[in-house]
Amino acid sequence: MINKSIPERLAGNVYEIDEEESHIDINQELARSTGSGKVLVKVCPAHVYSEKADGSIGVEYAACLECGTCLAVAAPGVLTWHYPRSGFGVTFREG
Ligand code: SF4
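Residues numbered from 1 in each chain as written. Predicted model: local features only at pLDDT ≥ 70, side-chain atom pairs only at ≥ 80, totals over all residues. Heavy atoms only, no water.

K.L.:
Can you explain the overall build of the chain? Please cite residues and give values.
P.N.:
Counting secondary structure elements, the chain contains four helices and six strands. The order of α-helices and β-strands along the chain, N terminus first, is α-β-β-α-α-β-β-α-β-β. Accessible surface for the chain amounts to roughly 6300 Å². Of this, 53% is attributable to carbon and sulfur atoms. A distance of 8 Å separates the average location of the 8 positive side-chain charges in the chain from that of its 13 negative side-chain charges. (Helix = DSSP H or I, 4+ residues; strand = E, 2+ residues; numbered from the N terminus. Areas by Shrake-Rupley, 256 points an atom, 1.4 Å probe, with all protein chains shown as cover. Lys, Arg positive; Asp, Glu negative; His and termini not counted. Charge placed at Lys NZ, Arg CZ, Asp CG, Glu CD.)

K.L.:
Before we move on, could you go through the packing of aromatic side chains and cite the residues and values that matter?
P.N.:
Evaluation of the coordinates by the stated rule reveals one aromatic pair. On the basis of an interplanar angle of 75° and a centroid distance of 4.9 Å, the ring pair of Trp81 and Tyr83 is categorised as edge-to-face. Judged by its relative accessible area of 16%, Trp81 falls in the buried class. Its relative accessible area of 54% is what places Tyr83 among the exposed residues. (Phe/Tyr/Trp six-rings, centres within 6.5 Å; stacked < 30°, edge-to-face > 60°. Buried < 20%, exposed > 50% of the residue type's maximum accessible area, 1.4 Å probe, protein only.)

K.L.:
Outline the side chain of Asn13, listing residues and values.
P.N.:
Among the secondary structure elements, Asn13 is positioned in the loop between α1 (6-10) and β1 (14-16). Overall, the relative accessible area of 10% leaves Asn13 in the buried class. Here Tyr15 takes part through its side chain, which lies 3.5 Å from a polar atom of the side chain of Asn13. (Polar contact = N/O pair within 3.5 Å; in protein donor to acceptor, adjacent residues only side chain to side chain.)

K.L.:
Break down the nonpolar core for me, citing the residues and quoting the values.
P.N.:
Within the largest apolar cluster, 17 residues are counted, with the highest numbers of intra-cluster contacts made by Ile24, Ile26, Leu40, Val48, Tyr49, Val78 and Leu79. Among the secondary structure elements, those contributing two or more residues to this core are β2 (24-26) and β5 (79-81). When near neighbours in sequence (up to four residues on either side) are disregarded, Tyr49 contacts Ile24, Leu40, Val41, Cys44, Ile57, Gly58, Val59, Cys70 and Leu79. (Core = buried A, V, L, I, M, F, W, Y, C linked by side-chain atoms within 4.5 Å. Contact = heavy atoms within 4.5 Å.)

Below you can see the structure in the form of structure tokens.
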């Protein structure tokens, strides 16, 4: 077995990006009032979430690994998340 770092393994992923529909929506008001926005920025392994200068949370859904971590940590109602439509999303090449 060849030892590879996590970034090396992730570099092999292939993404089919749905340009018409995001599979993640965020309620900015709830993200701010519950503190979930800052938590999302910290926990997402793909850096999908970012804090903007105005305090809102940016969502770059194209990089999503579909791991579900954000759903586990966000307060109820902060996220609307579903898997990408058929034919879109990430394909893992390394396990
Ligand atoms: Fe990030 Fe995982 Fe949530 Fe996708 S499912 S946005 S990779 S935490």
